[in-house]
Amino acid sequence: MTKTVQSERGRKMVTEQEVNKQKEFIQKVKELNNAKNLKYYILTMGCQLNENDSEKLCGMIEEMGYTITEQYQEADLVVFNTCCVRENAEDKLFGKLGELKRVKEQKGTIIAIGGCMMQEKHITDKIHESYPYTDIIFGTHTLYKFPEDLYKTILSKTKMQDVIDIDGEVYEGLPIKRTSNIKASVTIMYGCNNFCTYCIVPYVRGRERSRHPKDILEEVEQLAKQGYKEITLLGQNVNSYLIVEKWKEKGIDYQGINSFATLLRAINKIDGIERIRFVSPHPKDFTDDVISAIAECEKVCKLVHLPLQSGSTNVLKRMNRKYTKEQYLQLVEKMKKQIPNLTLSTDIIVGFAGETEEDFEDTLDVVRKVCFEQVYMFIYSRRVGTPGDKMPDQIPEEIKHKRFDRLKELVESQIESNNQKYVGTIQKVLVEGPSKNNPELLTGRTDSNKVVIFEGTSSLQDKIIELKIVSEHMWYLKGIIET
Ligand code: 5AD
Ligand code: SF4
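Residues numbered from 1 in each chain as written. Chains lettered and ligands numbered in written order. Predicted model: local features only at pLDDT ≥ 70, side-chain atom pairs only at ≥ 80, totals over all residues. Heavy atoms only, no water.

**Q** How should I be thinking about the overall build of the protein chain in this particular structure?
**A** Along its length, the protein chain carries 14 helices and 19 strands. For 483 residues, the compact-globule estimate of 2.2 N^0.38 gives 23 Å, and the protein chain sits close to it at 23 Å. Taking the principal axes of its C-alpha atoms as reference, the protein chain extends roughly 60 × 60 × 55 Å. Residues classed as buried in the protein chain amount to 54% of the 483 residues present. For the protein chain, restricting intrachain contacts to residue pairs at least 6 apart in sequence, the fraction spanning at least 24 positions comes to 75%. When the accessible area of the protein chain is evaluated, it comes to approximately 22500 Å², of which 49% is carbon and sulfur surface. (Helix = DSSP H or I, 4+ residues; strand = E, 2+ residues; numbered from the N terminus. Rg over C-alpha atoms; globule rule 2.2 N^0.38 Å. Buried < 20%, exposed > 50% of the residue type's maximum accessible area, 1.4 Å probe, protein only. Contact = heavy atoms within 4.5 Å. Areas by Shrake-Rupley, 256 points an atom, 1.4 Å probe, with all protein chains shown as cover.)

See the structure below:
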């Protein structure tokens, strides 16, 4: 298919028309469902971007007249929003699909599966073969068309497959139902151009495309008016926001925003928003202007997620990460120097193809040197279609697991000693509500995203308050309100 080159305005008009068309389908499904008191169940796998996509799905589904249920057995519509970054998500999906067979037979439930995994042909083939009772399969680029796909399925009772593998457009203005009323995620860019050799994301989410700054600012301003306090900016490669669009060359400048750093500064000025986070940046795009923006914007949290993946220069090269161990450590040093009270979190993959004992020691070395606040650890999972899968010297599962355990031990000991540093300090905590484990207590999070549990009244909910930390535990701190 040839892609027509359109002006920004032309593209925007096309997407607006498409969104209006979907709004009409929302109304049509709503009329079909009128007074039927239908229920839906949604299961989301994967990252925060997928969770944000599910919030959009929920927004559309609820406008179509469905109410949410936690029990898939009583649902008239079941939606799975899938992830394919690691293998265990596949096992989970197929297990759940198996469980749905009986529900489908008894109740005629509509089963819809969407998201990253549906962009993989071997997965959709397997669904057609082994789970033929699935009604709708939709991909990452066609999520916005869910109302139309659902309408057609209800009317014709035939199966729909709506997956395209050209990059989707950026659609604005569809409904969204957020899971929290103080913290909100805002996707600022879609896709990834990096092709790290272990990663499936660029194949299933397409190339990078950024949302217009005007649309982002309007969304955040709206969230501030609704009382949201914390915004997390999302993107597969969040700090390359606007880089590929060559914004300046196109002559588009919206209130001085032409980069990730200028976007951070603009959001920092929005009244009502008190905290700004972002995930996930790539170290290679962590430019000096972004470092200064973090340092100077008081609302930008001083916990920065900086995915390392491996501490070995050899492995990083094979991963196509475009930085060395030394460059990563230099970046951390520079950031620590320029951003007071900076803490870091990271992602690490253990057991990538060809990882030697020496390479793994390099990873441990970086972890010891940086002393991360939080480490998300993953065992390398071979993904069909990625270069990593075809590399020689794949690491036996047993060795991967042993290395994972060694890394985990080091990380946990660091978290313990890090936590001790909090005891006796005063922390600003955004109060989220009653603690899940003990509803008598309240829970909140520090700027560095640590969970704090404390005694207090419900009037404190949604506020940022000062707490004195009195003790530390592996996964949370205990605080008191000092009077
Ligand atoms: N195996 C294991 N972990 C992976 N990640 C991405 N792809 C893989 C894979 N094939 C991890 C990376 C990334 C995080 C979101 O998931 O660490 O940063
Ligand atoms: Fe995957 Fe690398 Fe892109 Fe992140 S930057 S989504 S790890 S390819």
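**Q** Explanation requested: the environment of Glu-221 in the structure shown.
**A** Within the secondary structure, Glu-221 is located in helix α7 (residues 213-225). The class of Glu-221 is partly exposed, set by a relative accessible area of 37%. Separated by 46 residues in the primary sequence, Glu-221 and Ile-267 have C-alpha atoms spaced 8.6 Å apart.

**Q** Quick question: what am I supposed to make of the domain arrangement of the protein chain here?
**A** Each assigned domain of the protein chain is listed here: domain 1 (3-162), domain 2 (180-301) and domain 3 (426-480). Here the C-alpha centre of domain 2 lies 27 Å away from the C-alpha centre of domain 1. Interface of domain 1 and domain 2: buried area, both sides summed, is about 1400 Å²; carbon and sulfur atoms make up 51% of it. One can count one salt bridge joining domain 1 with domain 2. With a closest N to O distance of 3.1 Å, Arg-205 and Asp-53 form a salt bridge. At the junction of domain 1 with domain 2, the criterion picks out seven residue pairs in polar contact (both at pLDDT 80 or more). Only α1 (8-33) and α2 (48-63) provide two or more residues apiece to the side of domain 1 that touches domain 2. For the side of domain 1 that touches domain 2, the element with the most residues is α2, which contributes six residues. (Domains from an automatic or database assignment. Buried area = accessible area lost by both parts, 1.4 Å probe. Salt bridge = Lys/Arg side-chain N within 4 Å of Asp/Glu carboxyl O. Polar contact = N/O pair within 3.5 Å; in protein donor to acceptor, adjacent residues only side chain to side chain.)

**Q** Can you walk me through the packing of aromatic side chains in this structure?
**A** Aromatic rings in a pair are described by how distant their centres are and how their planes are angled relative to each other. With the rule as written, the count across this model stands at eleven aromatic pairs. With 6.2 Å between their ring centres and 80° between their planes, Tyr-198 and Phe-352 make a pair best called edge-to-face. On the criterion of sequence distance, the pair formed by Tyr-198 in the loop between β8 (189-190) and α6 (201-205) and Phe-352 in the loop between β13 (343-350) and α12 (357-370) is long-range, its members being 154 residues apart. You can call Tyr-198 buried: its relative accessible area is 10%. According to the relative accessible area criterion, Phe-352 is buried, its value standing at 0%. (Phe/Tyr/Trp six-rings, centres within 6.5 Å; stacked < 30°, edge-to-face > 60°.)

**Q** How should I be thinking about the site of ligand 2 in this particular structure?
**A** Around ligand 2 sit Cys-192, Asn-194, Phe-195, Cys-196, Tyr-198, Cys-199, Val-201, Pro-202, Gln-236, His-282 and Arg-321, and that is every residue in its neighbourhood. Split into classes, the residues belonging to the shell around ligand 2 amount to seven nonpolar, three polar and one charged. (Near = heavy atom within 4 Å. Nonpolar A, V, L, I, M, F, W, Y, C, P; charged D, E, K, R; others polar.)

**Q** I tried to follow the site of ligand 1 on my own but got confused; where do I start?
**A** Looking at ligand 1, the residues that line it are Val-85, Arg-86, Tyr-198, Gln-309, Asp-347, Ile-349, Phe-378, Ile-379, Tyr-380, Ser-381 and Arg-383. With respect to ligand 1, the side chain of Arg-86 contributes an N or O atom lying 2.8 Å from an oxygen atom. Taking Tyr-198, its main chain carries an N or O atom lying 3.0 Å from a nitrogen atom of ligand 1. When the free accessible area of ligand 1 is taken as 410 Å², the share hidden by the protein chains comes to 85%. Taken together, the elements giving at least two residues each to the shell around ligand 1 come down to β13 and β14 (374-379). Tallied by class, residues from the shell around ligand 1 come to six nonpolar, two polar and three charged.

**Q** Before we go on, may I ask you to explain the sheet that holds β13 in this structure?
**A** Pairing between the strands of a sheet comes from backbone hydrogen bonds, and it takes one of two forms, parallel or antiparallel. Strands sit in the order β12-β13-β14 across an open sheet of three strands; the sheet is parallel. Edge positions in the sheet fall to β12 (303-305) and β14, since each has one partner strand and no second. In this sheet, neighbouring strand axes are inclined to one another by 15° on average, regardless of whether the strands run parallel or antiparallel. Here β13 pairs with β14 via six bridges, running parallel. If you follow Asp-347 over to β14, its bridge partner there is Tyr-376. (Pairing = 2+ DSSP bridges. Axes fitted to C-alpha atoms, helices over the stretch in contact; angles between N-to-C directions.)

**Q** I tried to follow helix α11 (residues 325-338) on my own but got confused; where do I start?
**A** Three or four residues apart is the spacing at which side chains of an α-helix point the same way, because the helix has 3.6 residues per turn. With 14 residues, α11 ought to run about 20 Å at 1.5 Å a step, and its terminal C-alpha atoms sit 20 Å apart, in line with that. Residues of α11 that are buried: Lys-325, Tyr-328, Leu-329, Leu-331, Val-332 and Met-335. Looking down the long axis of α11, one finds its buried residues gathered within 155° of arc, a one-sided arrangement. In α11, those exposed residues whose orientation departs by more than 90 degrees from the buried face are Gln-330 and Lys-337. If you follow the buried residues of α11, they end up packed against α9 (288-296), β12, α10 (313-319), β13 and α12. (Expected span 1.5 Å × (residues − 1). Arc of directions from axis to C-beta.)

**Q** I'm lost on the state of the cysteines in this one. Help?
**A** What is meant by a disulfide is a covalent connection between two cysteines, made through their sulfur atoms. Taken as a whole and assessed by the stated rule, the structure comprises zero disulfides. Looking at Cys-116, it has no disulfide partner, and the nearest cysteine sulfur is the one in Cys-84, 5.0 Å off. Of all cysteine sulfurs in the structure, the one in Cys-297 sits closest to Cys-301, which takes part in no disulfide; the separation is 12 Å. (Disulfide = S-S within 2.5 Å.)

**Q** Is there a simple way to think about the confidence of the model for the protein chain in this case?
**A** The share of residues in the protein chain with pLDDT of 70 or more is 97%, and the mean pLDDT across the chain is 92. Residue range residues 1-6 is modelled with pLDDT below 50. Its contacts to residues more than four positions away, or to other chains, number four contacts. (pLDDT = per-residue confidence, 0-100.)

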